[in-house]
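# Chains, contacts and geometry: an overview
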Amino acid sequence: MKGIILIGYLLFIACLNYLYVQGAYFYVKEGVEKCFVENVTKNVIIVSLYDNYGTKELKCLINVKDKNGLVLYTHDVSQMSKGKISYMAKSSGLHYICILCPSNNWFKDTSIKWNFSIEVGGADIDINNTAKKSELSATLNTLQNLKKKFNSMKSHHAHQKVIADNMHEHNKNVHKSMIYCYIIEIIILIIITGYSIMHLKNYFKANKLM
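These numbers were taken from a predicted model, which means no experiment stands behind them.

## With respect to the overall build of the chain
- On a plain count of helices and strands, the chain comes out with two helices and eight strands.
- When the elements of the chain are put in sequence order from the N terminus, they spell out α-β-β-β-β-β-β-β-β-α.
- Every one of the 210 residues in the chain was classed for burial, and the buried ones make up 20%.
- Considering only contacts in the chain between residues 6 or more positions apart, those separated by 24 or more positions represent 79%.

Following this line, the structure appears as structure tokens:
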């Protein structure tokens, strides 16, 4: 039983080392920088969720710095008081996530309430396996060629359909004309037959054969 508890405790510690979440309400004094430290490996994503309860007149920044204090990434939160930032570590080591609200008033300092959390881990991006620009361009060209072929086939099909419709209409008109011709021929035959019968009848009467 103790072994199971020990294994569970070790797994819990390992999970905390992989995904560490830090969040709390605190106050940041205007003109004073407040930093949080995270030790991350290369290509690991640092995600920070923030909620700034300060006034909109104050321009607050969230800076990601390396161990030497060099600013690697800057996010201006004055336009959006609540949001999320993401940064992928370019190298392993200590990273500082700092909040700074530069002071605009020489005689009065304002303390701003923040809700801030940091998540380290999650998506580990393999740079070697990410799509290159040339690969994306080749894929885009292939898709464009397929689109052109599809449009060409679609146009050809539409053209063939127009030809088929025209042929059908032409055959329909020819068939109708042939029917009219047959009717006219039948009428002519009836007239000729009637005329022949009347002519023969008159001939027989004239020769007193009837």
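## Observations concerning unusual backbone geometry
- One non-glycine residue, N43, lies in the positive phi region at around 70°.
- Relative to the helices and strands, N43 resides in the loop between β2 (34-40) and β3 (44-52).
- The class of N43 is buried, set by a relative accessible area of 15%.

## Considerations on the state of the cysteines
- Counted under the stated rule, the structure contains two disulfides.
- Between the sulfur atoms of C35 and its disulfide mate C98 the distance is 2.0 Å. Judged by the torsion about the S-S bond (110°), the C35/C98 disulfide is right-handed. Remark: C98 occurs in strand β7 (residues 93-100) and C35 occurs in strand β2; sequence separation between them is 63 residues.
- Across the disulfide from C60 sits C101; the S-S distance is 2.0 Å. Taking the sign of the S-S torsion, about 110° here, the bridge from C60 to C101 comes out right-handed.

## Brief notes about the confidence of the model for the chain
- In the predicted model, the chain carries a mean pLDDT of 77, and the fraction of residues at 70 or more is 77%.
- Contacts of residues 12-23 to residues separated by more than four positions or lying in other chains number 18 contacts, the stretch itself having pLDDT below 50.

## Description of the sheet that holds β2
- Spatial strand order, β2-β7-β4-β5: four strands in an open sheet with antiparallel pairing. Unpaired on one side and paired on the other, β2 and β5 (71-76) mark the two borders of the sheet. If you compare each strand with its neighbour and ignore which way they point, the axes differ by 15° on average.
- One ladder, built from five bridges, connects strand β4 (residues 61-65) with β7; its direction is antiparallel. Paired with K65 across the bridge in β7 is Y96.

## Overview of a nonpolar patch on the surface
- On the surface, I179, Y180, I183, I187 and I191 cluster together to form a nonpolar patch covering roughly 480 Å² of accessible area.
- Here I191 lies in helix α2 (residues 133-206).
- By relative accessible area, which is 54% here, I191 ends up exposed.

Rules of the game
Residues numbered from 1 in each chain as written. Predicted model: local features only at pLDDT ≥ 70, side-chain atom pairs only at ≥ 80, totals over all residues. Heavy atoms only, no water. Helix = DSSP H or I, 4+ residues; strand = E, 2+ residues; numbered from the N terminus. Buried < 20%, exposed > 50% of the residue type's maximum accessible area, 1.4 Å probe, protein only. Contact = heavy atoms within 4.5 Å. Disulfide = S-S within 2.5 Å. pLDDT = per-residue confidence, 0-100. Pairing = 2+ DSSP bridges. Axes fitted to C-alpha atoms, helices over the stretch in contact; angles between N-to-C directions. Patch = residues over 30% accessible without salt bridge, like charges linked within 9 Å, V, L, I, M, F, W, Y side chains within 5 Å. Areas by Shrake-Rupley, 256 points an atom, 1.4 Å probe, with all protein chains shown as cover. Salt bridge = Lys/Arg side-chain N within 4 Å of Asp/Glu carboxyl O.

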